[in-house]
Amino acid sequence: MSDLYGYATLVPLPVVLPLFAAGLALALWRHSRAQRTISVVTLTLMLAAGVGLLVGADAGPVVVHIGGWDAPIGIDLVADRLSALMITVSSFVMLCVLLYSLAQGVADGDEQAPVAIYHPTYLVLAAGVSNAFLSGDLFNLYVGFEILLAASYVLLTLGGTGERIRAGSIYVVVALLSSVIFLVAIALVYAATGTVNLAQLATRLPEVDPTVQTVLQLLLLVAFGIKAAIFPLSAWLPDSYPTAPAPVTAVFAGLLTKVGVYAIIRTQTLLFPDGRLDDVLMWLALLTMVVGILGAVAQNDIKRLLSFTLISHIGYMIFGISLASEPGMSAAIFYVVHHITVQTTLFLVVGLIERRGGSTSLDLLGGLAKVAPGLAILFFIPAMNLAGIPPLSGFLGKVGLLEEGVAQGTPLTWALVVGSVLTSLLTLYAIVKAWNKAFWQTPPVELDTSVRLPRGMVGPASALVAFGLGLTLVAGPLYSYSERAAATLMDGVTYVDAVLPDGPEAWVDAPIAGGDG
Amino acid sequence: MIGYLTAAAPSPAVDGVVDMTPSLTLVLAIGVLFAAGVYLLLERSLTRVLLGFILISNGANLLFLVAGGRAGGAPVVGTTPDDQMSDPLVQAMALTAIVITLGLTAFVLAMAYRSWQLHGHDEVQDDVEDRRVARHAARNAPAFEDLDTQDGDETLDDEAAQVRDETDGNDGPDEPPGSGGTGRGHGTRDRGVER
C-alpha cells in the first residue's frame, strides 16, 4: 500500500470503479446521457487498469491487502497472470457490448427496458466479474459471484415481459441453488481448515483427511459446474439466455460461464492440485462437448443454436483443466480468451441479423448474403473461428489441447481427443447449416430491405470480429503469456508466497494488535 | 473491509484448541431445514421455491455457526481470554450471507408477483424444448394407444397436451385430445389479470 504508483494501486480499481460508477449512474437516473458517459468512461478505465495489471502481473502476482490487514487476517485481492488476462479481456468485451447496446437503444427503452436501471446494473455486473477474478479469498469469491448473479437476474428479466419472466424464473432458481451449494461448501471448508483464504487453504487442505478433501472438492465443483454449465448441470442455459436482449445475452454468454471456468481453474490448481477428480472431469468434458453440440445440431433458432455451442465449447476448457499439466492448462487459458471473444461476437452479430432479417429462426431467415454482404462477413469470420478453422484462434487453442491429449496418451485422453475433433466437426456442421439457411436459402418471407443497421451497432461488432482475428496475429505472445500463467498456476508456490510472504503460518505467532498472543 | 477478522480464534488446523464437536441440536436443525428446503425447491410455484431457498439458506447459516466450533465468550479483546472466545469470522460470513439472501428474496418475490400479474399464477413454466416435445406427443397421440393409463381416463398424452404453454399463444396443438382441462393447477389460470 505504501507505493501509490506501483501496480498494486491498479488491483482494486476494476472492482471499486464500476461500483462507484454504478451508484453515480443510479443517482443520475434522469440523465441518460450522463449515465452513458459514466458507463463508457468507467469501462474504458477498467480496460486500462486491466492492461496495466497484465504488465504488472507478468513480474509476479500483485497482491493488495485490503484495509492494510495482512493476509490471512484481512481479505486480499490477487492479480496473477490469469486474473489480469481475464480482467483485460472481460473489460474489453464489456466495453464493446456496452457501445453496441447504446446504439441499439436497449438503454433508451426501445425494448420496453426501464431506462434508469440498465447502466447501474451493467456496471455492477462488471464489478462482480472483476471481483470474482481478483478474489484471493473463497468467501470474497462467493460475494463476487453474488454481485454478478444479482446483476444478471435484473438484466435477464429487463422489462419483465412474459417470455423473460419465464426464462428468468428458471435461471434464477438454478442460480440460487448453486449459490447455496457454494455457501455450504465454504462452511465445510472453514470447518475443516479454519480459513477461507485461498493461499492459506492451499497449505492447509493437504493436511485434511483425503475423503473430506474429496467431498469439499466435489461440492465446489458442483457449485462452479452449474455456473460454468458443465453437462449434467447445463440444462438451464439454452432456456434462459436466448430470451434476453442481444447485448445482454452476448455478455452473459461471453463472461458468466467463464467466471465459473475461472473458479474451477483456480480451485483445481491451487486447492486440489493432486488431481484426484481429473478422470471425472475428463468424462464431464467429453459429455459436455458431445451432448452440447448434438443439442446445437438439433436447433433451428440461431440464438438457441449458439447457446448449445456455448455449452459444448465449455467442454474444451474443462478438457484442458482435467489434463492437469502446464501445456493443457495453457491451452485451456488461451481457449477461454478465444471463446469469450468469439461467443460474444457471434451473439452480437445475431442481434444484427435479428434486426436486419426480423427473426432469429432459421425457418424465417434467408437471402441475407445478398442484401447484407457486410453482415455475412461479420457472421462468417467468428463462426469459422468457433468451429476451429485454421489459422483462426479457435484452431490454435484446439491444437494445443489435442497435442497435450495425445502426449498424455491414456485411453481417456484419446477418447477426449476424438471427442473434441468430432465436436469441432459438428460445430462446423451446425454453423454451416445456420449459414446456409440464414444467408443463402431463398427467403421464405420477403425481407424488409429498408432496414438500415445503425453504424453504432455494426462498429462494436466489427471491432470484436477484428479482435478475434487479432488473436491469431498475436497468438504467439498471447500463447506464451498463457503458458507463463499456467506455469504460475501449476507450481502452486508462487501464489502462496506472494500472498503470505512470511510463510503460511507465520501470522499465528505474530502479536496481534491489542492481544496478549 | 467487511471484517473477516480471525484475530480471536486460533484455527483448529494449527493447534487443535477449538472444540469442534458440533451441537446435536444444531445438526438436527440443519438437517430438517435442508430436507424441508429441498422439498420446497422441487415445487413449481415460485413462492414455494423461494420459501425452500430461504430454509436452505438458514440451514447454511447454521452450518456456518457449527463450522466455527463451540460457542464461547464475546470475541472482544480484553473482555474474554483468547481461548474462550467464539469465532467471530463465521458470524461475519453468516451475516453477509443473510444480507445477500434478503436481497435475492426481494428479487424473487418481485419476479413471482410479475409472473402472477402476467399469467395469474407464479408457477415456473415449462421450457421451450419441453413444450415442443409435448406438442409433438399431442400430435402423435392418435398414432398409438397409451396402455399405461393411470386413474381415470387420462393418458400420458393427455397430460402432455395439457402442459402449460401460455406463452405459445395460438400455435399450440389445434385440438389436443381430451382438452378437458383436468390437469393440476389449471384452475389458477383462469383467475387471470382482471385488474
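Residues numbered from 1 in each chain as written. Chains lettered and ligands numbered in written order. Predicted model: local features only at pLDDT ≥ 70, side-chain atom pairs only at ≥ 80, totals over all residues. Heavy atoms only, no water.

## Looking at the overall build of chain B
Turning to step 1, where the next piece is worked out: Broken down by element type, chain B carries six helices and zero strands.
Turning to step 2, where the next piece is worked out: Mapped in sequence order, the helices and strands of chain B form the string α-α-α-α-α-α.
Turning to step 3, where the next piece is worked out: Residues classed as buried in chain B amount to 38% of the 195 residues present.
Turning to step 4, where the next piece is worked out: In chain B, of all internal contacts separated by at least 6 residues, the share reaching a separation of at least 24 is 58%.
Turning to step 5, where the next piece is worked out: Total accessible area on chain B stands at roughly 10,700 Å², and carbon and sulfur atoms take up 60% of it. (Helix = DSSP H or I, 4+ residues; strand = E, 2+ residues; numbered from the N terminus. Buried < 20%, exposed > 50% of the residue type's maximum accessible area, 1.4 Å probe, protein only. Contact = heavy atoms within 4.5 Å. Areas by Shrake-Rupley, 256 points an atom, 1.4 Å probe, with all protein chains shown as cover.)

## Notes on the overall build of chain A
Turning to step 1, where the next piece is worked out: From N to C terminus, chain A includes 21 helices and two strands.
Turning to step 2, where the next piece is worked out: Taking all 517 residues of chain A together, 63% fall into the buried category.
Turning to step 3, where the next piece is worked out: Look at the contacts in chain A between residues 6 or more apart in sequence, and 81% of them connect residues 24 or more apart.
Turning to step 4, where the next piece is worked out: Carbon and sulfur atoms form 68% of the exposed surface of chain A, whose accessible area is close to 16,600 Å².

## Things to note about the interface of chain A and chain B
Turning to step 1, where the next piece is worked out: Taken together, the contact pairs 56 residues of chain A with 48 residues of chain B.
Turning to step 2, where the next piece is worked out: Area buried by chain A at its contact with chain B is led by Phe139(A), Arg166(A) and Tyr190(A), which between them contribute 15% of it.
Turning to step 3, where the next piece is worked out: Connecting chain A to chain B are zero salt bridges.
Turning to step 4, where the next piece is worked out: Among the secondary structure elements, those contributing two or more residues to the side of chain A that touches chain B are helix 5 (138-156), helix 6 (162-193) and helix 21 (506-509) of chain A.
Turning to step 5, where the next piece is worked out: With 20 residues, the top contributor of residues to the side of chain A that touches chain B is helix 6 of chain A.
Turning to step 6, where the next piece is worked out: Of the residues assigned to the side of chain A that touches chain B, the class counts are 30 nonpolar, 16 polar and ten charged. (Buried area = accessible area lost by both parts, 1.4 Å probe. Salt bridge = Lys/Arg side-chain N within 4 Å of Asp/Glu carboxyl O. Nonpolar A, V, L, I, M, F, W, Y, C, P; charged D, E, K, R; others polar.)

## Some details on the packing of aromatic side chains
Turning to step 1, where the next piece is worked out: Taken as a whole, this structure holds 23 aromatic pairs over all chains when the rule is applied.
Turning to step 2, where the next piece is worked out: Ring plane angle 70 degrees and centroid distance 5.6 Å describe the contact between Trp435(A) and Trp440(A), whose orientation is recorded as edge-to-face.
Turning to step 3, where the next piece is worked out: Residue class for Trp440(A) comes out exposed when judged on its relative accessible area of 59%.
Turning to step 4, where the next piece is worked out: Linked through ring pairs, Phe139(A), Tyr142(A), Phe145(A), Phe182(A), Phe224(A) and Phe64(B) together constitute an aromatic cluster.
Turning to step 5, where the next piece is worked out: In this structure, Lys227(A) is placed above the aromatic ring of Phe145(A), and the distance from its NZ or CZ to the ring centre is 4.5 Å. (Phe/Tyr/Trp six-rings, centres within 6.5 Å; stacked < 30°, edge-to-face > 60°. Lys NZ or Arg CZ within 6 Å of the ring centre and 35° of its normal.)

## Some words on the confidence of the model for chain B
All names here are of chain B.
Turning to step 1, where the next piece is worked out: Residues at a pLDDT of 70 or more form 62% of chain B, whose mean pLDDT is 71.
Turning to step 2, where the next piece is worked out: Taking the mean pLDDT of every element in chain B, the minimum, 44, falls on helix 1 (residues 12-15) and the maximum, 93, on helix 2 (residues 24-41).
Turning to step 3, where the next piece is worked out: Counted against residues more than four places away or in other chains, residues 1-16, with its pLDDT under 50, gives 41 contacts.
Turning to step 4, where the next piece is worked out: The model gives residues 164-195 a pLDDT under 50, and that stretch makes 49 contacts with residues more than four places away or in other chains. (pLDDT = per-residue confidence, 0-100.)

## Thoughts on the pattern of salt bridges
Residue and element names in this part refer to chain A.
Turning to step 1, where the next piece is worked out: Evaluation of the coordinates by the stated rule reveals eight salt bridges over all chains.
Turning to step 2, where the next piece is worked out: Here Asp58 and Arg81 are joined by a salt bridge, their closest N and O atoms 2.6 Å apart. Taken together, the positions of Asp58 in the loop between helix 2 (32-57) and strand 1 (62-65) and Arg81 in helix 3 (residues 81-104) put the pair 23 residues apart, joining distant regions of the chain.
Turning to step 3, where the next piece is worked out: By relative accessible area, which is 27% here, Asp58 ends up partly exposed.
Turning to step 4, where the next piece is worked out: Residue class for Arg81 comes out buried when judged on its relative accessible area of 14%.

## Thoughts on the side chain of Asp122(B)
Residues and elements named next belong to chain B.
Turning to step 1, where the next piece is worked out: The topology assignment puts Asp122 in the loop between helix 4 (88-119) and helix 5 (128-140).
Turning to step 2, where the next piece is worked out: Buried Asp122, no salt bridge; nearest opposite-charge side chain is Arg48, N-O distance 7.7 Å.
Turning to step 3, where the next piece is worked out: There is a polar contact of 3.2 Å between the side chain of Asp122 and the side chain of Ser45.
Turning to step 4, where the next piece is worked out: Beyond its immediate stretch of four places on either side in the chain, Asp122 contacts Arg44, Ser45, Leu46, Thr47, Ala112 and Ser115. (Lys, Arg positive; Asp, Glu negative; His and termini not counted. Polar contact = N/O pair within 3.5 Å; in protein donor to acceptor, adjacent residues only side chain to side chain.)

## A closer look at the confidence of the model for chain A
Turning to step 1, where the next piece is worked out: Mean pLDDT for chain A: 87, with 94% of residues reaching 70 or above.
Turning to step 2, where the next piece is worked out: Every residue in residues 511-517 of chain A scores below 50 in pLDDT, and together they form five contacts with partners more than four places removed in sequence or on other chains.

## Details of the environment of Val212(A)
All names here are of chain A.
Turning to step 1, where the next piece is worked out: Examined against the element boundaries, Val212 turns out to sit in helix 8 (residues 210-228).
Turning to step 2, where the next piece is worked out: Take Val212: its relative accessible area is 33%, and that puts it in the partly exposed class.
Turning to step 3, where the next piece is worked out: Each C-alpha atom, one on Val212 and one on Leu188, is 9.2 Å from the other, the two residues being 24 residues apart in sequence.

## Here's the deal with the pairing of strand 1 of chain A
Residues in a regular strand point their side chains to alternate faces of the sheet.
All names here are of chain A.
Turning to step 1, where the next piece is worked out: Alternating residues of strand 1 divide into Val62 and Val64 and Val63 and His65, and every residue in both groups is buried.
Turning to step 2, where the next piece is worked out: Bridge count between strand 1 and strand 2 (residues 76-79): four bridges; the pairing is antiparallel. Counterpart to Val63 in the pairing with strand 2 is Val78. (Pairing = 2+ DSSP bridges.)

## Digging into unusual backbone geometry
Residue and element names in this part refer to chain A.
Turning to step 1, where the next piece is worked out: Geometrically, the link from Pro390 to Pro391 is a cis peptide bond, its omega value of 5 degrees lying close to zero.
Turning to step 2, where the next piece is worked out: Structurally, the position occupied by Pro391 is in the loop between helix 15 (373-387) and helix 16 (393-408).
Turning to step 3, where the next piece is worked out: One non-glycine residue, Ala229, lies in the positive phi region at around 60 degrees.
Turning to step 4, where the next piece is worked out: With respect to the helices, strands and loops of the structure, Ala229 is situated in the loop between helix 8 and helix 9 (237-240).
Turning to step 5, where the next piece is worked out: Ala229 gets classed as buried once you look at its relative accessible area, which sits at 0%.
Turning to step 6, where the next piece is worked out: For Ala324, which is not glycine, the phi dihedral falls at a positive 50 degrees.
Turning to step 7, where the next piece is worked out: Within the secondary structure, Ala324 sits in the loop between helix 12 (302-322) and helix 13 (326-357).
Turning to step 8, where the next piece is worked out: In this structure Ala324 comes out as partly exposed when scored by relative accessible area, which is 34%.

## Quick notes on the environment of Ala331(A)
All names here are of chain A.
Turning to step 1, where the next piece is worked out: Position of Ala331 relative to the elements: it lies in helix 13.
Turning to step 2, where the next piece is worked out: Sequence separation between Ala331 and Glu483 is 152 residues; the distance between their C-alpha atoms is 7.8 Å.
Turning to step 3, where the next piece is worked out: If near-sequence neighbours (up to four positions away) are discounted, Ala331 is found in contact with Gly397, Gly400, Leu401 and Tyr479.

## Quick word on a nonpolar patch on the surface
Turning to step 1, where the next piece is worked out: Side chains of Tyr7(A), Val51(A) and Val55(A) sit close together on the surface and give an oily, nonpolar patch of about 260 Å² of accessible area.
Turning to step 2, where the next piece is worked out: As for its position among the elements, Val51(A) is in helix 2. (Patch = residues over 30% accessible without salt bridge, like charges linked within 9 Å, V, L, I, M, F, W, Y side chains within 5 Å.)

## So, the packing of helix 2 of chain A against helix 3 of chain A
Residues and elements named next belong to chain A.
Turning to step 1, where the next piece is worked out: Put simply, helix 2 and helix 3 touch, their axes get as near as 8 Å, and they point 160 degrees apart. Taken together, the axes of helix 2 and helix 3 lie roughly antiparallel to each other. Two packed elements cross with a definite hand, and for helix 2 against helix 3 that hand is left-handed. Contact residues: helix 2 offers Arg36, Ser39, Val40, Leu43, Thr44, Met46, Leu47, Gly50, Val51, Leu53, Leu54 and Ala57, while helix 3 offers Arg81, Ala84, Leu85, Ile87, Thr88, Ser91, Phe92, Met94, Leu95, Leu98, Leu99 and Leu102. (Axes fitted to C-alpha atoms, helices over the stretch in contact; angles between N-to-C directions. Parallel < 35°, antiparallel > 145°, perpendicular 65-115°, else oblique. Left-handed = near helix turned anticlockwise from the far one by under 90°.)

## Brief notes about helix 4 of chain B
Residues and elements named next belong to chain B.
Turning to step 1, where the next piece is worked out: Along its 32 residues, helix 4 runs 46 Å from first to last C-alpha, staying within 8% of the 46 Å computed at 1.5 Å per residue.
Turning to step 2, where the next piece is worked out: Two to three positions downstream of the cap, the backbone nitrogen of Leu89 sits 2.9 Å from a side-chain oxygen, assigning the N-cap of helix 4 to Asp87.
Turning to step 3, where the next piece is worked out: Gly120 sits one or two residues past helix 4 and shows a positive phi near 80 degrees. (Expected span 1.5 Å × (residues − 1).)

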